[in-house]
Amino acid sequence: MILIVDDNKNNIYSLKRLLESHNFKTDAAESGEEALGKALKNNYSLIILDVQMPGMDGFEVAETFAGYSKTKDIPIIFLSAVNTEKQFITKGYASGGIDYVTKPIDTDILMLKVKTFYNLQENNLALKKYQKNLQLEVEGRRESQVVMKTEIDHFHQMLEALPQIAFTLDKNGVVNFVNAKWYDYSHSKTQFPETHPDDKSIAKEFEKSQQNHQPLELEIRIKHLKSEKFKYHLLRTTPVLENGNIKNWVGTFTDINDQKKVEKEKDEFLSIASHELKTPLTSIKAYVQLMDKKLKYDINSPEKSYVNKVLTQIEKLNSLITDLLDISKIENGKLKINKKPTNIETVIQNSIDAILQTQTSNKINIERHGTKQDIFIPLDEIRIEQVLINFLSNAIKYSPNNNNIILTTFVDEDNIRISVTDFGIGIPEYKQAKVFQKFYRVEESSVQFQGLGIGLFICSEIIALHNGTIGVSSENSQGSTFYFTLPLN
Ligand code: ADP
């Protein structure tokens, strides 16, 4: 918008018409004071200022404009009928005008000037706006850099306060921060602590997890620099994501040395206790079996039924002790598998028979699904039977209100898959993977059903030694399907 300042209304009128006929918006003021008031309130791209005015003359107005930041850069064209002399024109320029036009006005020339200054000012304003935005952006970036640095510092302080060894790696896996505890185990920031020769390499394991974009969790012994002793630690590295991409990694080593020692002592105790229990139990069993023979002909005597009950309990105790012994064998790497080609159908049938024999009620209904194939698979018959019996007895135990069980076989080119399905209490999804861990029992069912939580752990070890896979799919309150696969060759 262009502001016309003139004390003469006629002059304002004719100038307005001229400018508006060239599509300029205009505003007008009849005195210097009014012009100043308006210029401070509105945004003008050009001011056309009459020099001769009562009160403040044009030069004074221009000088005043020059004193305000809002108005100082607005271009001014002076209009004068009288002061055409050089000294006035010079004064005009000196007081801040950018052009001086004398009356009578040549409208073409005036319009040329107006257009030029108007455009210049518009460009100027646009440039200033752009500059201001740029400056704001730079400031914003500087501020967010400061905030980010504060956040990183804060994060590093938190890592320093942790009781663990803590470190961060950039997205390429280069360590870029370590807390003070790191230096108890490593001389330099870029070097991982030394691991026990029998343990896995941290660098290699981390590389794998980096390739798979997966967190890493590893129990490992690392060398304490001062004592030169290897101590068990749990290494964890977790990727930090930004818009779905890995930004960096955060890692910790948690000292689990004491925990490991206690675990070892517990395993040793279990091993000794189960060995020591086994010997007297074997002789108790032998004597009770003798008694059972003696009572062969007293089928209906109360003694015969007592002896039968004792024998059932001895069997339960025996299988518990055998499981405990298996655990200690697994811990010491002594669980051995004796594989030979075996008819899998026979193993399945033997397991079903063994289970049905131990059942006091004959309500259990085991359906056999899938094709029965007389194929021979290299396996340890006793151990695979143990797995199947475990699956079947769990299926019965954890289905108090349903007696139906389905045993399915499925054979493809490379593997056989055997599954046991029940319609019992089921397992919540997030606990399903854990049931194969040592001593793990699902909390919700552990009170109602007796057990030690080691059967499935032993099963998973047996299947692993056969190079097979084991798993479960289950729905809470609907039932579970436990399965394992074995390679055909
Ligand atoms: P145990 O039965 O002696 O507790 P297992 O190792 O055989 O030990 O099983 C571990 C846990 O898995 C059980 O405690 C139980 O919570 C759960 N589980 C196993 N089989 C089933 C099943 N068929 N249905 C529901 N839960 C099961």
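Just above, that's the structure.
Quick caveat: nothing in here was measured; it's all calculated off a predicted structure.

Right, let's talk about the overall build of the protein chain for a bit. Regarding its fold elements, the protein chain presents 12 helices and 17 strands. Classification of the 489 residues of the protein chain by burial places 40% in the buried group. A sequence separation of at least 24 residues applies to 60% of the contacts in the protein chain between residues at least 6 apart. Of the roughly 29300 Å² that the protein chain leaves accessible, carbon and sulfur atoms contribute 52%. Averaging the coordinates of the 59 positive side-chain charges in the protein chain and doing the same for the 64 negative ones gives two points 5 Å apart.

Turning to the site of the ligand, a few remarks are in order. In the vicinity of the ligand there are 21 residues, among which Asn394, Tyr398, Asp422, Arg441 and Leu456 approach most closely. One of the side-chain nitrogen or oxygen atoms of arginine 441 is found 2.5 Å away from an oxygen atom of the ligand. Note that an oxygen atom of the ligand is positioned 3.1 Å from one of the backbone N or O atoms of leucine 452. Protein chains bury 97% of the 530 Å² of accessible surface belonging to the ligand in isolation. Judged by the fraction of its atoms near the pocket grid, the ligand is located in the largest pocket. Elements with a contribution of two residues or more to the shell around the ligand: helix H10 (381–397), helix H12 (455–465) and strand S17 (479–487).

As a further point, take the packing of helix H8 (residues 302–331) against H12. Relative to each other, H8 and H12 sit at 45 degrees, their axes nearing to 10 Å. Relative to H12, the element H8 is oriented oblique. The handedness of the crossing between H8 and H12 is left-handed. Here H8 contributes Asp323, Asp326, Ile327, Ile330 and Glu331 to the contact with H12, which in turn contributes Phe457, Ile458 and Glu461.

Our next topic: the pairing of strand S7 (residues 175–178). In terms of strand pairing, strand S6 (residues 165–170) meets S7 through 3 bridges, oriented antiparallel. Across the sheet, residue leucine 169 finds its bridge partner in S7, namely valine 175. Here S6 folds back onto S7, and the loop between the two strands holds 4 residues, one of which, glycine 173, carries a positive phi near 90 degrees.

Turning our eyes to something else, we now look at the nonpolar core. Within the largest apolar cluster, 43 residues are counted, with the highest numbers of intra-cluster contacts made by Leu407, Val435 and Phe484. Contributing elements (two or more residues each) for this core: H8, helix H9 (344–358), strand S13 (376–379), H10, strand S14 (404–411), strand S15 (415–422), H12 and S17. With 7 residues, H10 is the largest single contributor of residues to this core. With residues near it in sequence (within four places) discarded, phenylalanine 484 still touches Ile384, Val387, Leu388, Phe391, Ile416, Arg417, Ile418, Ile463, Thr469 and Ile470. One finds Leu3, Ala35, Met53 and Phe78 within the second-largest nonpolar core, a separate group that totals 20 residues.

By the definition in use, this model includes 1 cavity of 30 Å³ or more. Roughly 30 Å³ of volume is contained in the largest cavity. As for the largest cavity, its lining consists of Ile344, Glu345, Ile348, Arg368, Thr371, Lys372, Gln373, Thr409, Val411 and Ile416. In terms of residue count, the dominant contributor to the lining of the largest cavity is H9 (3 residues). Class assignment for the residues of the lining of the largest cavity results in 4 nonpolar, 3 polar and 3 charged.

Another point: the side chain of threonine 342. Considering the arrangement of structural elements, one finds threonine 342 in strand S11 (residues 340–343). With residues up to four places along the chain from it excluded, the contact list for threonine 342 reads Val347, Ile375, Phe376, Ile377, Leu379 and Glu381.

Sheet architecture is open: 5 strands sit in the order S7-S6-S10-S9-S8, paired in antiparallel fashion. Each end of this open sheet is capped by a strand with a single partner; those strands are S7 and strand S8 (216–223). The mean inter-strand angle of the sheet, taken between neighbouring strand axes irrespective of direction, is 25 degrees. Sheet contacts for helix H6 (residues 202–212): S6, S8, strand S9 (230–242) and strand S10 (245–255); angle to S8, the most-contacted strand, approximately 165 degrees.

This part takes up the packing of aromatic side chains. All told, the structure shown has 12 aromatic pairs when counted by the stated rule. Between tryptophan 182 and phenylalanine 192, the ring centres sit 6.2 Å apart and the planes meet at 50 degrees, which makes this aromatic pair tilted. Here the residue tryptophan 182 occupies a position in the loop between S7 and H6, and phenylalanine 192 occupies one in the loop between S7 and H6, the gap between them amounting to 10 residues. Between phenylalanine 436 and phenylalanine 482, the aromatic rings sit 6.1 Å apart at their centres with planes inclined by 70 degrees, giving edge-to-face as the arrangement.

Taken together, the side chains of Tyr130, Leu134 and Val138 make up a nonpolar region of the molecular surface, amounting to roughly 300 Å² of accessible area. Tracing the sequence through the fold places leucine 134 in helix H5 (residues 107–161).

This part is about the pairing of S6. Among the 6 residues that make up S6, 5 are buried, leaving the element largely enclosed by the rest of the structure. Bridge count between S6 and S10: 6 bridges; the pairing is antiparallel. Of the residues in S10, the one forming a bridge with isoleucine 165 is phenylalanine 253.

This part takes up the layout of surface pockets. Taking a probe equal in size to a water molecule and rolling it over the atoms shows the remaining empty space. Counted as a void, the largest pocket has a volume near 2000 Å³. Every residue lining the largest pocket is counted, 48 residues in all, and those nearest its centre are Lys316, Ser319, Ser393, Asn394 and Lys397. For the lining of the largest pocket, the secondary structure elements donating two or more residues are H8, H9, H10, H12 and S17. When residues in the lining of the largest pocket are grouped by element, the largest group, 11 residues, is from H8. Residues that form the lining of the largest pocket fall into these classes: 19 nonpolar, 21 polar and 8 charged. Considering only enclosed or pocket space, the second largest pocket measures out at about 530 Å³ in volume. Lining the second largest pocket are 17 residues, with Tyr232, Lys260, Lys264, Asp267 and Glu331 positioned closest to its centre. Those elements that provide at least two residues to the lining of the second largest pocket are S8, helix H7 (257–294) and H8. When residues in the lining of the second largest pocket are grouped by element, the largest group, 7 residues, is from H7.

Reading guide: rules and limits
Residues numbered from 1 in each chain as written. Predicted model: local features only at pLDDT ≥ 70, side-chain atom pairs only at ≥ 80, totals over all residues. Heavy atoms only, no water. Helix = DSSP H or I, 4+ residues; strand = E, 2+ residues; numbered from the N terminus. Buried < 20%, exposed > 50% of the residue type's maximum accessible area, 1.4 Å probe, protein only. Contact = heavy atoms within 4.5 Å. Areas by Shrake-Rupley, 256 points an atom, 1.4 Å probe, with all protein chains shown as cover. Lys, Arg positive; Asp, Glu negative; His and termini not counted. Charge placed at Lys NZ, Arg CZ, Asp CG, Glu CD. Near = heavy atom within 4 Å. Polar contact = N/O pair within 3.5 Å; in protein donor to acceptor, adjacent residues only side chain to side chain. 1 Å grid on protein atoms, 1.4 Å probe; cavity = no way out; pocket = protein on both sides within 12 Å on 5 of 7 lines; lining within 4 Å. Sits in = over half its atoms within 2 Å of the grid points. Axes fitted to C-alpha atoms, helices over the stretch in contact; angles between N-to-C directions. Parallel < 35°, antiparallel > 145°, perpendicular 65-115°, else oblique. Left-handed = near helix turned anticlockwise from the far one by under 90°. Pairing = 2+ DSSP bridges. Core = buried A, V, L, I, M, F, W, Y, C linked by side-chain atoms within 4.5 Å. Points joined across faces, edges and corners; volume = space filled by probe spheres on them. Nonpolar A, V, L, I, M, F, W, Y, C, P; charged D, E, K, R; others polar. Phe/Tyr/Trp six-rings, centres within 6.5 Å; stacked < 30°, edge-to-face > 60°. Patch = residues over 30% accessible without salt bridge, like charges linked within 9 Å, V, L, I, M, F, W, Y side chains within 5 Å. Salt bridge = Lys/Arg side-chain N within 4 Å of Asp/Glu carboxyl O.

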